[in-house]
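What the coordinates show
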Amino acid sequence: MRIFLKAYKKLYTFRDYVYFIRGDRMGYEDKKRYLDMYRHYVSRMNNYQTEIDFINSLYGLSPSGISDMPKAHNQSDLSDRIIKIDNETKKFINKLRKEEEIAATKAREVLTVINTVKDETDRRILIARHIQLMNMKDIMKAEGYSRSGLTKRYKRAVNSVQL
């Protein structure tokens, strides 16, 4: 559902309208989702890399499939198959490069937003979580926090982000 706010002459979603009425632009979950953009693109890049690896594994033709004996009606031309695999790999590599460019842009955006946080420890926690993609357990060890202490500090850090 989209709502037109005449004061801003812009189309907003219903959630944006609710934030506008309440005076709160983004809540904790929305800020967290924004900060996770880079993680999302890294995950997509990993998916493309998995696809590329799978397609490349198709190059490993089994020795029983390759012989110099004629194959009557089921004769296959390996060069056509390799060309198809090559084309598929190139397609996924191009998609991967595009995702890498987008991920780099998102990382810069997220880092710029994280740098608006005034507290140094909060910044380190957010960078570890959303740029270095560390899990909370590793951040607990690195920063010396308990699980509950880090959760509270992380929530405070996310809420202190200016979006």
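Residues numbered from 1 in each chain as written. Predicted model: local features only at pLDDT ≥ 70, side-chain atom pairs only at ≥ 80, totals over all residues. Heavy atoms only, no water.

**Observations regarding the overall build of the protein**
Of regular secondary structure, the protein possesses 7 helices and 2 strands. Ordered by position from N to C terminus, the α and β elements of the protein give β-β-α-α-α-α-α-α-α. Taking all 163 residues of the protein together, 27% fall into the buried category. For the protein, the share of sequence-separated contacts (at least 6 apart) that also reach a separation of at least 24 residues comes to 60%. When the accessible area of the protein is evaluated, it comes to approximately 11,500 Å², of which 53% is carbon and sulfur surface. (Helix = DSSP H or I, 4+ residues; strand = E, 2+ residues; numbered from the N terminus. Buried < 20%, exposed > 50% of the residue type's maximum accessible area, 1.4 Å probe, protein only. Contact = heavy atoms within 4.5 Å. Areas by Shrake-Rupley, 256 points an atom, 1.4 Å probe, with all protein chains shown as cover.)

**Quick notes on the packing of aromatic side chains**
Each aromatic ring pair is summarised here by two numbers: the centre-to-centre distance and the angle between the ring planes. Tallied over the entire structure, the rule returns 1 aromatic pair. Between Y48 and F92, the ring centres sit 6.1 Å apart and the planes meet at 50°, which makes this aromatic pair tilted. With a gap of 44 residues between them, Y48 in helix α3 (residues 37-57) and F92 in helix α4 (residues 78-114) connect regions that are remote in the sequence. For the pair Y48 and F92, one class covers both residues: buried. Positioned above the aromatic ring of F92, the side-chain terminus of K95 is 5.2 Å from the ring centre. Note that K155 overlies the ring of Y28, its terminal NZ or CZ placed 5.1 Å from the centroid. (Phe/Tyr/Trp six-rings, centres within 6.5 Å; stacked < 30°, edge-to-face > 60°. Lys NZ or Arg CZ within 6 Å of the ring centre and 35° of its normal.)

**So, the nonpolar core**
Residues L35, L126, Y154, V158 and V161 are the most contacted members of the largest nonpolar core, which totals 17 residues. Contributions of two or more residues to this core are made by α2 (28-35), α4, α5 (120-130), α6 (136-143) and α7 (147-159). Among the elements that make up this core, the one with the highest residue count is α7 (4 residues). Residue contacts for V161: discarding those within four places in its chain leaves K31, L35, V113, T116, V117 and L126. Counting 12 residues, the second largest nonpolar core, distinct from the first, contains Y41, I55, F92 and A107. (Core = buried A, V, L, I, M, F, W, Y, C linked by side-chain atoms within 4.5 Å.)

**Details of the confidence of the model for the protein**
Across the protein, the average pLDDT comes to 77, with 72% of residues at or above 70. Of all the helices and strands in the protein, strand β1 (residues 2-5) carries the lowest mean pLDDT, 43, while α5 carries the highest, 94. Residue range residues 1-12 is modelled with pLDDT below 50. Its contacts to residues more than four positions away, or to other chains, number 19 contacts. With pLDDT under 50 throughout, residues 61-66 is counted as low confidence; its partners more than four residues away or in other chains account for 5 contacts. (pLDDT = per-residue confidence, 0-100.)

**As for the packing of α5 against α6**
Each packed pair of helices is defined by two parameters, the angle between the axes and the distance between the axes. Interaxial distance between α5 and α6 falls to 10 Å at its minimum, and their mutual angle equals 145°. Regarding α5 and α6, the two cross each other, and that crossing is right-handed. From α5, T121, R124, I125, A128 and R129 reach across to α6, where they touch M136, I139 and E143. (Axes fitted to C-alpha atoms, helices over the stretch in contact; angles between N-to-C directions. Left-handed = near helix turned anticlockwise from the far one by under 90°.)

**Observations concerning the pattern of salt bridges**
Oppositely charged side chains can pair when the atoms bearing their charge come close. The final tally for this structure, using the stated rule, is 10 salt bridges. A salt bridge links R44 to E99; its shortest N-O distance comes to 2.9 Å. With R44 in helix α3 and E99 in helix α4, this residue pair connects regions lying 55 residues apart in the sequence. Using a relative accessible area of 6% as the deciding quantity, one classes E99 as buried. As a salt-bridge pair, R156 and D122 come within 3.6 Å of each other at their nearest N and O atoms. Of this pair, R156 sits in helix α7 while D122 sits in helix α5, and the two are 34 residues apart along the sequence. Assessed through its relative accessible area of 46%, R156 is described here as partly exposed. Shared partners join several salt bridges into a network, and the residues in it are D119, D122, R153 and R156. (Salt bridge = Lys/Arg side-chain N within 4 Å of Asp/Glu carboxyl O.)

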